[in-house]
Protein chains: 2
Amino acid sequence: MAKVNRQWILKKRPVGEIGSGDLALVETPIPALGPNQFLARTVYLSLDPTNRIWMSDMTQYMPPVELGAVMRGGTLSVVEESNHPDFKPGDIVSGIAGWQEYSVENGGQKLPRGQVPLSAYMSVLGATGATAYFGLLDIGKPKAGETVVVSAAAGAVGSIVGQIAKLKGCRVVGLAGSDEKCRHVVKDFGFDACINYKTEDVSAALKRECPNGIDVDFENAGGTILDAVLENVNLKARIALCGLISTYNAKGPVPGPYNFANILMKRVTVEGFIVIDFFPRFGEFQAEMAKWVAEGKVKHDVHVVKGIENALSALNLLFTGGNTGKLLLQLSGEP
Amino acid sequence: MAKVNRQWILKKRPVGEIGSGDLALVETPIPALGPNQFLARTVYLSLDPTNRIWMSDMTQYMPPVELGAVMRGGTLSVVEESNHPDFKPGDIVSGIAGWQEYSVENGGQKLPRGQVPLSAYMSVLGATGATAYFGLLDIGKPKAGETVVVSAAAGAVGSIVGQIAKLKGCRVVGLAGSDEKCRHVVKDFGFDACINYKTEDVSAALKRECPNGIDVDFENAGGTILDAVLENVNLKARIALCGLISTYNAKGPVPGPYNFANILMKRVTVEGFIVIDFFPRFGEFQAEMAKWVAEGKVKHDVHVVKGIENALSALNLLFTGGNTGKLLLQLSGEP
């Protein structure tokens with residue numbers, strides 16, 4: 001038991017972009033296992049916009065990570081040693097073990113091996129896929145023939161949202177940050193159109209690509225993109241508010257959309273949601289999504305960066321648009 | 001038929017507060033009646049925040065009033081002469097005859113006489129009451145025991161919203177612009193508490209008066225008040241977005257709430273609505289509201305200003321907080 005654990009500790013709350021002194025990578029010994037505990041080796045760490053939220057003390061849906069604590073993050077791990085009757089070495093477990101190479105656990109969700117690549121449980125069949133599934137279907141409530149707009153369309157969630165919306169018979173228009181991403185979104189994920197929000201006048205482009213107006217917006221971005229959407233919404237449109245990544249690195253208060261009054265004028269519903277609210281219905285999602293994946297109807301990208309020392313530079317890709325698809329940090333080899 | 005009609009004509013779109021040259025009071029002859037037309041003498045003109053919206057060319061729920069046209073407004077009129085088989089002199093008609101003393105009509109909603117004061121049809125039993133009724137019950141969906149916050153609580157809509165919420169077993173906290181209004185709201189309309197938003201720290205006061213948090217917000221104001229509400233919302237709160245009067249006189253783009261992200265974090269639903277969407281269900285509202293009014297369970301204030309020449313100064317009361325209850329301009333005597 002001489003193994004060393006490397007962990008990212010939150011030292012202070014970032015102001016704006018994450019600075020080099022905000023988190024520290026430290027080495028600690030792995031504690032001995034007590035009764036009913038097991039040692040889990042982290043294989044994949046999920047990197048998500050919400051990590052940035054958890055580092056801050058803004059109002060949020062879980063307590064912020066405490067200063068001095070291991071950074072929080074979703075994980076897929078393999079059991080290495082166990083004093084727990086239900087977990088044996090080699091078992092695959094998903095959980096929230098945080099930004100560290102090893103963790104001592106007393107429970108978690110066991111995952112089957114060999115059915116799909118393990119990374120799928122961290123993306124299309126995990127919280128990412130569930131965010132897309134419940135956010136679009138339960139909050140956005142698209143009907144066949146309606147027009148659905150998806151921001152961060154080349155991202156982990158957005159790319160899946162668009163494919164589900166196509167399965168439901170909608171016109172789907174994505175927003176992404178490069179021509180290359182836009183081509184990918186249309187060609188590989190089957191969106192009807194994709195707008196490069198960095199080079200186009202977004203409102204004019206939405207008007208062009210949504211000739212019948214916008215009925216559903218799956219909102220991951222906020223800021224000027226949400227304002228452009230609100231300029232083009234139809235009566236009774238639904239905005240499924242999933243994320244506001246354009247605002248998470250702000251150094252001060254961020255104004256809401258300048259077209260907020262259109263929520264009133266167009267009788268729009270804006271509904272915030274967090275995937276954890278849907279965990280009781282996870283089985284329903286996994287059954288349908290696994291079928292779609294097996295049939296090739298829903299594809300997904302995984303963007304893997306290796307090495308715990310690269311956690312911060314990898315996370316930053318989410319804010320610079322440097323990733324395409326689900327961003328994972330691989331900390332050790334798949335079993 | 002030598003009568004003269006006085007009309008307010010929209011000359012140009014106001015920028016900021018309505019200026020003296022934006023509308024003009026003109027005298028015109030009353031046209032002769034054609035077949036199936038009747039001449040209506042306006043008794044009451046409804047003055048509402050939405051009048052200011054209709055003067056502008058902002059995105060809105062009806063076409064803006066055209067430049068050169070009679071200003072739009074809800075009216076209660078009495079038929080003076082008629083070539084229409086269904087309308088006879090003395091009949092009371094509600095409609096949208098606009099800001100003028102006489103109008104030539106070919107239809108309208110006939111109202112019974114003698115059951116309630118005529119002004120009630122312009123307030124608690126009219127669109128004002130329906131706004132409160134459907135906005136609170138259909139959009140806010142309050143449950144007994146929940147906490148409901150109402151901005152512009154001494155206003156025509158807000159005062160009725162609070163009383164309905166009390167009938168539904170909620171804790172009701174109002175926001176109004178003077179201590180006198182606050183006392184009135186608590187004493188006469190039965191709110192549990194009322195906050196003077198001009199003298200108190202609104203967020204701290206909401207925290208104090210809503211010890212269990214805010215479940216429903218009936219939003220008439222917007223701006224800093226909505227931000228304070230968003231600081232204090234519970235998980236799954238509902239914001240019935242009825243109006244944004246704090247923004248209608250703005251000279252340029254107005255930012256949405258700075259706490260917009262709390263819609264996401266607290267999984268709030270913000271839903272805009274306009275009472276016209278509920279006109280098909282007007283009978284349902286009138287039946288229940290008339291009962292509540294007859295039983296003394298819902299009271300209402302009417303603030304009457306007389307004389308068409310005073311239309312603009314009267315309308316301005318809505319923006320300075322100068323009125324209490326439903327603001328009506330009386331253009332001629334009740335029949």
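Please refer to the structure higher up on the page.
The structure reproduced in this document is the subject of the present report.

What counts and how
- Residue positions are given per chain, counted from 1 along the sequence in the order it is written.
- The naming scheme follows written order: chains are lettered A onward, ligands numbered 1 onward.
- Local features in this predicted model are restricted to residues whose pLDDT is 70 or higher, and side-chain atom pairs enter the listing and the counts only when it is 80 or higher, whereas totals over whole chains, interfaces and linings include all residues.
- A pair of residues counts as a contact when their C-beta atoms, built from backbone coordinates, are separated by no more than 7 Å.
- Under the DSSP-based scheme used, a helix requires at least four consecutive residues in state H or I and a strand at least two consecutive residues in state E, with every element numbered from the N terminus.
- In the scheme used here, Gly and all other residues not listed as nonpolar or charged are polar, with Ala, Val, Leu, Ile, Met, Phe, Trp, Tyr, Cys and Pro taken as nonpolar and Asp, Glu, Lys and Arg as charged.
- Two strands pair under a simple rule: DSSP has to find at least two bridges between them.
- To superpose the copies, least squares is applied to the C-alpha atoms of every residue with a pLDDT of at least 70 in both.
- Between the N-to-C directions of two axes lies an angle of 0 to 180 degrees, each axis being a line fitted to C-alpha atoms and, for a helix, fitted only over the stretch in contact.

**Considering the interface of chain A and chain B**
- In this complex, chain A contributes 29 residues to the contact, which on the side of chain B involves 29 residues.
- The element best represented in the side of chain A that touches chain B is helix H7 (residues 261-265) of chain A, accounting for five residues.
- Considered class by class, the residues forming the side of chain A that touches chain B number 18 nonpolar, seven polar and four charged.
- Inspection of the sheet shows strand S13 (residues 269-272) of chain A paired to strand S13 (residues 269-272) of chain B by three bridges, in the antiparallel sense. Across the sheet, the residue bridging to Thr 269 of chain A is Glu 271 of chain B, located in S13 of chain B.

**What about the relation of the copies chain A and chain B?**
- Note on the identical chains: chain A maps onto chain B by a rotation of 180° and an axial translation of 0.0 Å, with an RMSD of 0.0 Å. One copy is carried onto the other by what is essentially a two-fold rotation axis. In terms of proximity to the rotation axis, the leading residue of chain A is Gly 256 of chain A, whose C-alpha is 1.9 Å off the axis.
- Residue by residue, 100% of the interface of chain A is reproduced at the interface of chain B, so both copies engage with the same surface.

**Focus: unusual backbone geometry**
Residues and elements named next belong to chain A.
- Positioned with a positive phi, Asn 36 is a non-glycine residue whose angle comes to about 60°.
- Along the chain, Asn 36 falls in the loop between strand S2 (23-29) and strand S3 (38-46).
- Here the phi dihedral of Lys 141 falls at roughly 50°; this positive angle occurs in a residue that is not glycine.
- Its location among the elements puts Lys 141 in the loop between helix H2 (127-140) and strand S8 (147-150).

**Notes on the pairing of strand S4 (residues 75-82) of chain B**
Residue and element names in this part refer to chain B.
- By the bridge criterion, seven bridges tie strand S3 (residues 38-46) to S4 in an arrangement that is antiparallel. Its bridge partner being in S4, Leu 45 is matched across the sheet by Thr 75.
- The sheet contact formed by S4 and strand S5 (residues 92-95) spans four bridges and is antiparallel. Bridging from a neighbouring strand, Leu 76 pairs with Ser 94 of S5.

**Quick look at the sheet that holds S13 of chain A**
- Read from one edge to the other, the open sheet built from twelve strands follows the order S10(A)-S9(A)-S8(A)-S11(A)-S12(A)-S13(A)-S13(B)-S12(B)-S11(B)-S8(B)-S9(B)-S10(B), with strand pairing classed as mixed. Of all the strands in the sheet, the pair left with one neighbour each is strand S10 (193-196) of chain A together with strand S10 (193-196) of chain B. Within this sheet the neighbouring strands show an average axis-to-axis angle of 15°, counted without direction.
- Relative to strand S9 (residues 171-176) of chain B, strand S8 (residues 147-150) of chain B runs parallel, the two being bridged by four bridges. Along S9 of chain B, the bridge assignment pairs Val 150 of chain B with Gly 174 of chain B.
- Docked against the sheet, helix H4 (residues 179-189) of chain A engages strand S9 (171-176) and S10 of chain A, running at close to 170° with respect to S10 of chain A.
- Relative to the sheet, helix H5 (residues 202-209) of chain A contacts S8, S9, S10 and strand S11 (214-219) of chain A, its axis offset from that of S10 of chain A by approximately 170°.

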